[in-house]
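# Secondary and tertiary structure notes
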Amino acid sequence: MPLSTDTLQQLSKLALAEPASAAYQQVLLSLALPLTAMSKPTVIGISGAQGTGKSTLAALLATELQYRGIRCTSVSLDDYYLPKTGRAALAEQVHPLLAQRGVPGTHDIHKALADVQQVMAGQPVALPVFDKALDERRPDRPAVTLDLLLVEGWCLGLQAQSAAELVRPVNTLEVAEDPQAHWRKYVNQQLAGAYHDYFCLLKPLIWLKAPDWQSICRWRQRQEQQLWQQRGAGMSDAQLQRFMLFFQRLTELSYQQLPARANYTVVLDVLQQPYLRS
């Protein structure tokens, strides 16, 4: 079955060069067939670093699967962020770096887990919405019953590190602002707890594999430039460089863990052209 007209129209709005568009179509076709054939209800994970196109892939897959008669939608792990007041409390009680949203421990992971369990039980679920511009939650979406939920997030599928692995800082943020490793130990504890339970339910797991950390930083910078063009506001280069340091440890960990853990790996070249590794 070829891709639907709606999916192709949605893909055309990305204004990709022809080789990239053709490659993306092939990835979508290769993923849509097995996902359509899966027993349902189910919840699928899409993991990948910032700027790799997780939201785009989730939206395109949702459109295509809906065309194939599947009650499907997508949600981001970002939509489960704790509000500013919740993170402020963590910053005061645990570590100041937890005021910044992003790492495990800054989400309402128990709601995320409960939502997945409701989908898998065939029950209606009201998925959350987080407004990053306001740094606050919006009202939940209307409750729906789903055959398939796509969850996309930058750290999906990762497992906790050993105590020895946490000792060595990976960047200047950890050196200067987490010298005793309290922040990274807390994040690691979260990965070993409810996040692990949550990630175990996301099957299969699709991983968008970027070439390297430097490419990820460039792609994220390009996203920020687009935000400036669209909204006239965003992070400065210095703010963005610091922001990315929060994600470096676990992003680099993904290259160690996810090759064996992901069910499907979508490899991205330096131009972000994708292909599905068999």
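This text goes with the structure placed above it.
Residues numbered from 1 in each chain as written. Predicted model: local features only at pLDDT ≥ 70, side-chain atom pairs only at ≥ 80, totals over all residues. Heavy atoms only, no water.

## Some remarks on the environment of Pro139
For Pro139, the location among the structural elements is in the loop between strand 4 (136–138) and strand 5 (148–153). Owing to a relative accessible area of 68%, Pro139 belongs among the exposed residues under this scheme. For the pair formed by Pro139 and Leu127, sequence separation is twelve residues and the distance between their alpha carbons is 9.2 Å. (Helix = DSSP H or I, 4+ residues; strand = E, 2+ residues; numbered from the N terminus. Buried < 20%, exposed > 50% of the residue type's maximum accessible area, 1.4 Å probe, protein only.)

## Some details on the packing of aromatic side chains
Any two aromatic rings considered together are summarised by their centre-to-centre distance and by the angle between their planes. Applying the stated criterion across every chain, the model contains seven aromatic pairs. Taking the centre distance of 6.1 Å and the plane angle of 70° together, the rings of Tyr195 and Phe199 count as edge-to-face. Placement of the pair is Tyr195 and Phe199 together in helix 9 (residues 194–200), with a separation of four residues, close to one helical turn. By the burial criterion, Tyr195 is buried, and Phe199 matches it. A centroid spacing of 6.0 Å and a plane angle of 45° characterise the contact between Tyr198 and Phe199, whose relative ring orientation is tilted. Under the relative-accessibility criterion, Tyr198 is labelled buried at 0%. By relative accessible area, Phe199 is classed as buried at 9%. Ring pairing ties together the aromatic residues Trp154, Phe243 and Phe247, which thus form one cluster. (Phe/Tyr/Trp six-rings, centres within 6.5 Å; stacked < 30°, edge-to-face > 60°.)

## Details of unusual backbone geometry
With an omega of 5°, the peptide bond running from Lys40 to Pro41 counts as cis. When you line up the elements, Pro41 lands in the loop between helix 2 (18–37) and strand 1 (42–48). The omega angle of the peptide bond from Lys203 to Pro204 is 0°, so this bond is cis rather than trans. Looking at where Pro204 falls in the secondary structure, it is placed in the loop between helix 9 and strand 6 (205–209). Despite not being glycine, Asp135 shows a phi value in the positive range, around 60°. Counting through the fold element by element, Asp135 comes out in the loop between strand 3 (129–131) and strand 4. The exposure class of Asp135 is buried, given its relative accessible area of 14%. One non-glycine residue, Gln272, lies in the positive phi region at around 65°. Residue position: Gln272 is located in the loop between strand 7 (264–268) and strand 8 (274–277).

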